[in-house]
Amino acid sequence: MKKEMHKNKIKKRYIFCIGAVFILLVSYIIFLCIIGRNYTLSIFLNGSCDPGNVKVVCSTENIIRVADVREGELAGMVKTIDVEFESTDFGDVDVTVFYDDQYDIEYNENGQQKSSPNVEHKHSENSFHVTMTGLIYNRSADNFNGLWTIQLFGAAFMMIIIITCCITFFQKARRGDFTYGMVALGGFIFFLMVSVIIFVHDLIIQQSYHNIINLWNVLYSLTTVSNVFVGLTAIPLILFCLLVSISNIVLVRREGFHPLNLLGVLLGLAVVGGIAALFLLGYDPYAFSEAERDIMVVISTAISFSFCYLESLLVSTIACGIACVRYKVRTPMDYIIILGCAIRDDGTPTPILRGRIDRALELEREQYKKWEKHAKFVPSGGQGSDEVVSEAECMKRYLMEQGIPEEQILKEDSSVNTFQNMKFSKKVIEEDAGDLKNTGIAFSTTNYHVFRGYTLAEKLGMKVKGLSAKTKLYFFPNAFLREFIGLIYEQKIRHLFFMISGIIFFASLYFILMY
């Protein structure tokens, strides 16, 4: 009963998240209610204007009042006349501002401007709605004072989500709870972090002209998030692809040519091609018809969001891969599964397979020294058509050569891939142990393969701890890419659904704003 109550108890990080979001939301509403009672209407000038000659006429009295009229500048380039209003009641009001715009229009025969002032009598009409909280909303311009802070609020909101998700991510890593959901969580964190950088960057740029920012500008900036994301991460991604391509060249020279040994090169070509396509699609949009531009927007959105999605997953997979390789087993294990791979022609283990067996032996010796408890080994792997013995038999012989008694080895020699390694090994352990609920199970494999082992065990409902065996540095990047592609392929329907959903969302938002 106590365990069930503890399980149903709301975790502290979620309480923090809900509380922080609530405080942020209330604070922001109060903030808008305070600064929203003032509104500055900026009117562009061709020349200059005497604030003393400006006349403001309101259709309804006692809704808003003029607090100040002054000259201003937009981004240090365009002169403006700024009329500041304060709300005094709620309701609708139309405001007309009459002003004189004085500027020079004549030039001499050399094309130089002469000092010949011209005065043009102008007026500006705007419709306002004042809410019951006193916030002044300009219906004509679709903005209000403090509208630019929406992105700041969005960035703060995302930071709360990031902190909460990071706590969850690191707790999973500390517990050794490496699942496929951890990859999705890490990808989500990375996407939000880059989005925060984009929002803050936009805020810095908008500071010089935040008076004229409207709702359209804010919403349109959302449609460009994926494109800006690609722009910000393009150089690091290209450098990553370059490094992997170099490792591929070394791999081909030492291991021989095989299409799978060129994954880094293929990835680099895909990345460069995608970035080039985005550049060409956005190079000169006004050179095309409206229908052609719409098609290009859809294509550009599909490419950029696919980049965002897959790049976020790649970064997360790297982080998860590093975390699970660095994880240290903290409790004694009852069984250690050794995942098989190719053996030599004479039936002895290859260096990669020997590394996996040695890592399993290392854990067994460490735990016996610390807890005086032996673990049983489960070498897993069938016999290929070109192998003299099964991989499991090869590993069993090696274990016995290292002093492990035969009764401590449970051979599984029917599997032909990693998933079957886990599935059939689970069956062998169940036959020996009976109940797996309180059984400690570890598996040993090469470092690039550890996280994949966790995800396959999760599929089978098996709680395991991974052991990482080292491999040659030039072999690791390409092998890790292969594992990443395998992870994506395992959940291809889910990934395809999310990618299409994201593309539809951003493309739809664009068309709603434009039409």
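Check the entry above for the structure.
Because the structure is a prediction, the values reported are computed rather than measured.

1. Considerations on the side chain of H495
Item 1. Looking at where H495 falls in the secondary structure, it is placed in helix 14 (residues 492–514).
Item 2. Residue classification places H495 among the buried residues on the basis of a relative accessible area of 6%.
Item 3. Not counting residues up to four positions away in its chain, the partners in contact with H495 are Y180, Y309, L313, L487 and I488.

2. Regarding the pairing of strand 9 (residues 335–339)
Item 1. Of all five residues that make up strand 9, five are buried, and the element is covered over most of its length.
Item 2. Here strand 9 shows a buried face lined by Y335, I337 and L339 and a second buried face lined by I336 and I338.
Item 3. What joins strand 9 to strand 10 (residues 376–380) is helix 9 (residues 351–371), and the crossover it makes is right-handed.

3. Looking at the packing of helix 6 (residues 225–255) against helix 8 (residues 290–326)
Geometrically, a packed helix pair is captured by the angle between its two axes and the distance between the axes.
Item 1. Where helix 6 contacts helix 8, the axes come no closer than 10 Å and their chain directions differ by 50°. As summarised for this structure, helix 6 and helix 8 are arranged oblique, according to the angle between their axes. Read as a crossing pair, helix 6 and helix 8 show a hand that is left-handed. Residues S226, N227, F229, V230, T233, L237 and F240 of helix 6 form the contact with helix 8, whose participating residues are S300, S304, F305, F307, C308, E311, S312, L314 and I318.

4. With respect to the environment of M158
Item 1. Examined against the element boundaries, M158 turns out to sit in helix 3 (residues 149–175).
Item 2. In this structure, M158 is in contact with L192, S195, V196 and F199, ignoring residues within four places of it in sequence.

5. What about a nonpolar patch on the surface?
Item 1. Residues F22, I23, V26, I30 and I34 make up a contiguous nonpolar surface patch of roughly 500 Å² in combined accessible area.
Item 2. Structurally, the position occupied by V26 is in helix 2 (residues 12–35).
Item 3. On the accessibility criterion, V26 (33% relative accessible area) is partly exposed.

6. Observations concerning the sheet that holds strand 1 (residues 38–44)
Item 1. The antiparallel open sheet is built from three strands, whose spatial order is 1-4-3. Two strands in the sheet have a free side with no partner beyond their single neighbour: strand 1 and strand 3 (64–74). Each adjacent strand pair in this sheet contributes to an overall mean axis angle of 25°, direction not counted.
Item 2. One ladder, built from seven bridges, connects strand 1 with strand 4 (residues 78–87); its direction is antiparallel. Counterpart to L41 in the pairing with strand 4 is V83.

7. Thoughts on helix 7 (residues 263–281)
Item 1. Between its first and last C-alpha, helix 7 extends 27 Å over 19 residues, near the 27 Å set by a 1.5 Å rise per residue.
Item 2. Residues of helix 7 that are buried: L263, G264, G268, V271, G274, L278 and L281.
Item 3. Next to the buried residues of helix 7 lie helix 6, helix 8 and helix 13 (476–490).

8. Some thoughts on the environment of G486
Item 1. Position of G486 among the secondary structure elements: in helix 13.
Item 2. Distance from G486 to R452, taken between C-alpha atoms, is 8.2 Å for residues 34 residues apart in sequence.

9. Section: the sheet that holds strand 12 (residues 465–469)
Item 1. The four strands are arranged 10-9-11-12 in an open sheet whose pairing can be described as parallel. For this open sheet the edge positions go to strand 10 and strand 12, each flanked by a neighbour on one side alone. Neighbour-to-neighbour, the strand axes of this sheet turn through a mean angle of 25°, independent of strand direction.
Item 2. Pairing analysis gives five bridges linking strand 11 (residues 441–446) to strand 12, with the strands arranged parallel. Along strand 12, the bridge assignment pairs F443 with G466.
Item 3. Together, strand 9 and strand 10 form the strand contacts of helix 10 (residues 391–401), whose direction differs from that of strand 10 by roughly 145°.

10. Quick look at the packing of aromatic side chains
Item 1. All told, the structure shown has 17 aromatic pairs when counted by the stated rule.
Item 2. Ring centres of Y39 and F128 lie 5.5 Å apart, and the angle between their planes is 75°; on these two criteria the pair is classed as edge-to-face. With Y39 in strand 1 and F128 in strand 6 (residues 117–130), the pair connects residues that are 89 residues apart, well separated along the chain.
Item 3. By relative accessible area, which is 0% here, F128 ends up buried.
Item 4. One aromatic cluster is present, built from ring pairs that chain together F178, Y327, F443 and Y454.
Item 5. Of note, K492 hangs over the ring of Y489, and the distance from its end group to the ring centre comes to 4.2 Å.

11. Some details on unusual backbone geometry
Item 1. For N62, which is not glycine, the phi torsion reads 65° and is therefore positive.
Item 2. Its location among the elements puts N62 in the loop between strand 2 (55–58) and strand 3.
Item 3. Among the residues examined, N62 registers a relative accessible area of 59% and is labelled exposed.
Item 4. For D142, which is not glycine, the phi dihedral falls at a positive 55°.
Item 5. Among the secondary structure elements, D142 is positioned in the loop between strand 7 (136–138) and strand 8 (143–144).
Item 6. Under the relative-accessibility criterion, D142 is labelled partly exposed at 35%.

12. A word on the nonpolar core
Item 1. Judged by nonpolar contacts, the single largest core of 67 residues is most densely connected at F178, I337, M422, F443 and Y454.
Item 2. For this core, the leading source of residues is helix 4 (residues 180–206), giving 11 residues.
Item 3. Once residues within four sequence positions are removed from consideration, F178 is found in contact with A173, C320, A323, C324, Y327, F451 and Y454.
Item 4. M333, I357, A360 and V389 belong to the second-largest nonpolar core, a separate cluster that totals 22 residues.

Rules used in this analysis
- Residues numbered from 1 in each chain as written.
- Predicted model: local features only at pLDDT ≥ 70, side-chain atom pairs only at ≥ 80, totals over all residues.
- Heavy atoms only, no water.
- Helix = DSSP H or I, 4+ residues; strand = E, 2+ residues; numbered from the N terminus.
- Buried < 20%, exposed > 50% of the residue type's maximum accessible area, 1.4 Å probe, protein only.
- Contact = heavy atoms within 4.5 Å.
- Right-handed = clockwise from strand over helix to strand, strands pointing away.
- Axes fitted to C-alpha atoms, helices over the stretch in contact; angles between N-to-C directions.
- Parallel < 35°, antiparallel > 145°, perpendicular 65-115°, else oblique.
- Left-handed = near helix turned anticlockwise from the far one by under 90°.
- Patch = residues over 30% accessible without salt bridge, like charges linked within 9 Å, V, L, I, M, F, W, Y side chains within 5 Å.
- Areas by Shrake-Rupley, 256 points an atom, 1.4 Å probe, with all protein chains shown as cover.
- Salt bridge = Lys/Arg side-chain N within 4 Å of Asp/Glu carboxyl O.
- Pairing = 2+ DSSP bridges.
- Expected span 1.5 Å × (residues − 1).
- Phe/Tyr/Trp six-rings, centres within 6.5 Å; stacked < 30°, edge-to-face > 60°.
- Lys NZ or Arg CZ within 6 Å of the ring centre and 35° of its normal.
- Core = buried A, V, L, I, M, F, W, Y, C linked by side-chain atoms within 4.5 Å.

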